[in-house]
Amino acid sequence: MRTRPLKVALLGCGVVGSEVARIMTTHADDLAARIGAPVELAGVAVRRPDKVREGIPAELITTDATALVKRGDIDVVVEVIGGVEPARTLITTAFEHGVSVVSANKALLAQDGANLYASADQHGQDLYYEAAVAGAIPLIRPLRESLAGDKINRVMGIVNGTTNFILDKMDTSGAGYSEALDEATALGYAEADPTADVEGFDAAAKAAILAGIAFHTRVRLDDVYREGMTEVTAADFASAKRMGCTIKLLAICERSADGESVTARVHPAMIPLSHPLASVREAYNAVFVEAEAAGRLMFYGPGAGGAPTASAVLGDLVAVCRNKLNEATGPGESAYTQLPVSPMGEVVTRYHISLDVADKPGVLAQVATVFAEHGVSIDTVRQQGRPDGGGEASLVVVTHRAPDAALSGTVEALRKLDTVRGVASIMRVEGE
Ligand code: HSE
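Numbering of residues starts from 1 in every chain and runs along the sequence as written. Note on the predicted model: pLDDT of at least 70 is required for a residue's local features to be given, and 80 or more for side-chain atom pairs to be given and counted; whole-chain, interface and lining totals, by contrast, use all residues. Excluded from the side-chain calculations are hydrogens and water; all other atoms, namely the structure's heavy atoms, are used.

Here we take up the site of the ligand. The criterion for a residue being near a molecule or strand is simple. One of its heavy atoms has to lie within 4 Å of it. Residues in close proximity to the ligand include Lys106, Asn160, Gly161, Thr162, Asp197, Asp202, Lys206 and Ala304, which together make up its full environment. One nitrogen or oxygen atom from the side chain of Asn160 is found 3.5 Å from an oxygen atom belonging to the ligand. Nitrogen and oxygen atoms within 3.5 Å of one another constitute a polar contact, given that in protein one can donate a hydrogen and the other can accept it, and given that sequence-neighbouring residues count only through two side-chain atoms. In this structure, Lys206 approaches the ligand through a side-chain N or O atom, which is 2.7 Å from an oxygen atom. Per-residue and other accessible areas follow the Shrake-Rupley method at a 1.4 Å probe size, with only the shown protein chains counted as cover for residues. Burial of the ligand by the protein chains amounts to 81% of its free accessible area of 260 Å². Put simply, DSSP marks the helices as runs of H or I at least four residues long and the strands as runs of E at least two long, and each gets a number from the N terminus on. Going through the elements one at a time, helix H7 (161-173) and helix H10 (201-215) are the ones with two or more residues in the shell around the ligand. Only Asp, Glu, Lys and Arg are considered charged in this grouping, and only Ala, Val, Leu, Ile, Met, Phe, Trp, Tyr, Cys and Pro are considered nonpolar; every other residue, Gly among them, is considered polar. Classifying every residue of the shell around the ligand gives one nonpolar, three polar and four charged.

The source of the domain bounds is an automatic or database domain assignment. Its domain assignment divides the chain into domain 1 (6-135 + 307-325), domain 2 (140-301) and domain 3 (344-429). Counting residues at the interface gives 17 residues for domain 1, matched by 17 residues for domain 2. Summed over both partners, the accessible area lost on bringing two parts together, with a 1.4 Å probe, is the buried area. Interface of domain 1 and domain 2: buried area, both sides summed, is about 1400 Å²; carbon and sulfur atoms make up 59% of it. Salt bridges are identified by distance alone: a Lys or Arg side-chain nitrogen within 4 Å of an Asp or Glu carboxyl oxygen. The interface formed by domain 1 and domain 2 includes two salt bridges. In this structure, Asp202 and Lys106 form a salt bridge, with 3.1 Å as the shortest nitrogen-oxygen distance. Summed over the shared surface of domain 1 and domain 2, the number is eight residue pairs in polar contact (both at pLDDT 80 or more). Every element with two or more residues in the side of domain 1 that touches domain 2 is listed here: helix H5 (106-122), strand E6 (127-128) and helix H12 (306-325). Contacts: residue pairs with any heavy atoms within 4.5 Å of one another.

It is worth spelling out the pairing of strand E7 (residues 152-158) at this point. With six of its seven residues buried, E7 lies for the most part within the structure. Examined bridge by bridge, E7 and strand E11 (residues 284-291) share six bridges and lie antiparallel to one another. Each bridged residue has a counterpart across the sheet, and for Ile158 the counterpart in E11 is Ala286. Where E7 and strand E9 (residues 245-255) come together, four bridges link them in antiparallel fashion. Counterpart to Arg154 in the pairing with E9 is Glu254. Think of it in three bands: residues with accessible area under 20% of the maximum for their type are buried, residues over 50% are exposed, and the middle band is partly exposed, with areas taken using a 1.4 Å probe on protein chains only. Here, any two strands with at least 2 DSSP bridges between them count as paired.

This part is about the pattern of salt bridges. Pairing is possible between side chains that carry opposite charge, provided their charged atoms lie close to one another. One pass over the full model with this rule turns up 22 salt bridges. Put simply, Asp316 and Arg141 hold a salt bridge, and the shortest N to O gap is 2.6 Å. Here the residue Asp316 occupies a position in helix H12, and Arg141 occupies one in helix H6 (residues 140-146), the gap between them amounting to 175 residues. Taking the relative accessible area as the measure of exposure, Arg141 reaches 27% and is therefore partly exposed. Residue Glu290 is joined to Arg154 by a salt bridge in which the shortest nitrogen-to-oxygen separation is 3.6 Å. Of this pair, Glu290 sits in strand E11 while Arg154 sits in strand E7; the two residues are 136 residues apart in sequence, bridging distant segments of the chain. There is no split in this pair, since Glu290 and Arg154 are both buried. A single salt-bridge network, built from bridges that share partners, covers Arg154, Glu254, Arg265, Glu290 and Glu430.

Looking now at unusual backbone geometry. Cis geometry is adopted by the peptide bond preceding Pro86, which originates at Glu85 and carries an omega value of 10 degrees. Among the structural elements, Pro86 can be located in the loop between strand E4 (76-79) and helix H4 (87-96). With a phi angle near 60 degrees, Ala134 is a residue other than glycine that sits in the positive phi range. Positionally, Ala134 belongs in the loop between E6 and H6. Exposure remark for Ala134: the relative accessible area of 1% places this residue in the buried category. Of note, Gln338 is a non-glycine position whose phi angle comes to about 50 degrees, a positive value. Here Gln338 lies in the loop between H12 and strand E13 (348-358). Classification of Gln338 by relative accessible area gives exposed; the value is 66%.

General note: in soluble globular proteins, nonpolar side chains tend to be found buried as a group. The set of buried Ala, Val, Leu, Ile, Met, Phe, Trp, Tyr and Cys residues whose side-chain atoms join them within 4.5 Å is what this entry labels a nonpolar core. Val77, Leu127, Tyr129, Ile152, Ile166, Ile209 and Leu210 are the most contacted members of the largest nonpolar core, which has 79 residues in total. Of all the elements, H10 adds the most residues to this core, at 11 residues. Built from parts of two domains, this core gets at least three residues from each of domain 1 (6-135 + 307-325) and domain 2 (140-301). Ignoring sequence-local partners within four residues, the contact set of Leu210 consists of Val133, Leu139, Ile140, Leu143, Val155, Val159 and Cys253. Counting residues in hydrophobic clusters, the runner-up holds 35 residues, among them Leu10, Ile61, Ala104 and Leu317.

Before going further, it helps to examine the packing of H5 against H10. Relative to each other, H5 and H10 sit at 50 degrees, their axes nearing to 8 Å. Our classification of the angle between H5 and H10 gives oblique. For the crossing formed where H5 meets H10, the hand is left-handed. Residue-level contacts link Lys106, Ala107, Leu109 and Ala110 of H5 to Asp202, Ala205, Lys206, Ala208 and Ile209 of H10. By residue class, the composition of the contact of H5 with H10 is six nonpolar, no polar and three charged. Between N-to-C directions, angles span 0 to 180 degrees; the directions come from axes that are lines fitted to C-alpha atoms, helices contributing only their stretch in contact. To sort the angles, those under 35 degrees are grouped as roughly parallel, those over 145 as roughly antiparallel, those from 65 to 115 as roughly perpendicular, and the leftovers as oblique. Crossing handedness follows the turn of the near helix against the far one: under a right angle anticlockwise gives a left-handed crossing, and clockwise gives a right-handed one.

Our focus in this paragraph is the side chain of Thr217. Checked against the element boundaries, Thr217 lands in the loop between H10 and strand E8 (225-226). Take Thr217: its relative accessible area is 5%, and that puts it in the buried class. Of note is the side chain of Thr217, whose polar atom sits 2.9 Å from the backbone oxygen of Leu339. Sequence-distant contacts of Thr217, defined by excluding residues within four places in its chain, comprise Gly212, Val262, Ser334, Ala335, Thr337, Gln338 and Leu339.

Structural data, given as structure tokens:
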């Protein structure tokens, strides 16, 4: 074994960074044996140097991340700061100084992955980011390496634990969104400002990363259609149950039927209880991959948290250190297919639509005509009169598969009918 250690600069020492440092210290001998050289924590860049950090010698702490990256003796930077800047500049500085990078930064990779890959490639360095999507779950490496010989057609997953916790609470307890969010906040699953999670931004960044790798093309955050889950109601869950479904916030990346384009989207959707993703409870993540030769694969586990995310970071660190010793690099960007990303309107899916309608002759025919005019075929219709009368009824229509543009055009036209008093809910149905 080589005795000269590989030196690691840790950028960020929060929930994930402190776990990375702890595992590097406590498992130093095992890591050295697996890598073939000792791996040394050579510096830790933080914003608040006065904070007590157990197990990290004070002399390693610095507030000058740039100087640490440029120091000249660093082999690998582990970036767990998050956000676009200063992470982007620090990572490209690392590459320019012959330093490989392990990052957990989904926002940066989804926004600027192509430039980061190009910089890594130009300087002969590695860029690994297993921790950026679905925490501890091995997913990036299986897609980039294990399935590199297969053709992936679909990646559908629950990639945000906070929202899965909230939806699971709503499902099991009948709670409304606000009540379930309050519980998620009290238990530490949801942040004080939950926008990134509940509005689907976090999941959309992960979808962009997954789609790019799965289809060997470039998919940026802006290419991902996004709807949050704040409008999901207890009534939606009741409707889902009647259909033998539950509701999940899904990230769905698909190759089109003709194989000429791809789509990436995040939105709440009903999925059948028989689908493997329906049984993903609490804050767990799971990703369902459909590949031509492999068939259907499911990856499941904790998608967030200090130790689980650190596990993914450490796996990357071992791989990058091994590459350094072999004077090699791992896989870079694979975007050779250059498949375009189609807009949401071209996605083919099903809708579950709940309408409040006038309960009088001809209304059902009128509603059905609107669907027909937009080329949308109806699968099932259920009408229920209101116990309190009032001349109104609830009409639930489930469609067959149709382009999303046709489905939303249908809803728009339905809203204009005098006999349609309101559209109570619209939910896509997936996973059948
Ligand atoms: N906030 C994310 C989640 C974890 O709830 O899954 C980090 O991506």
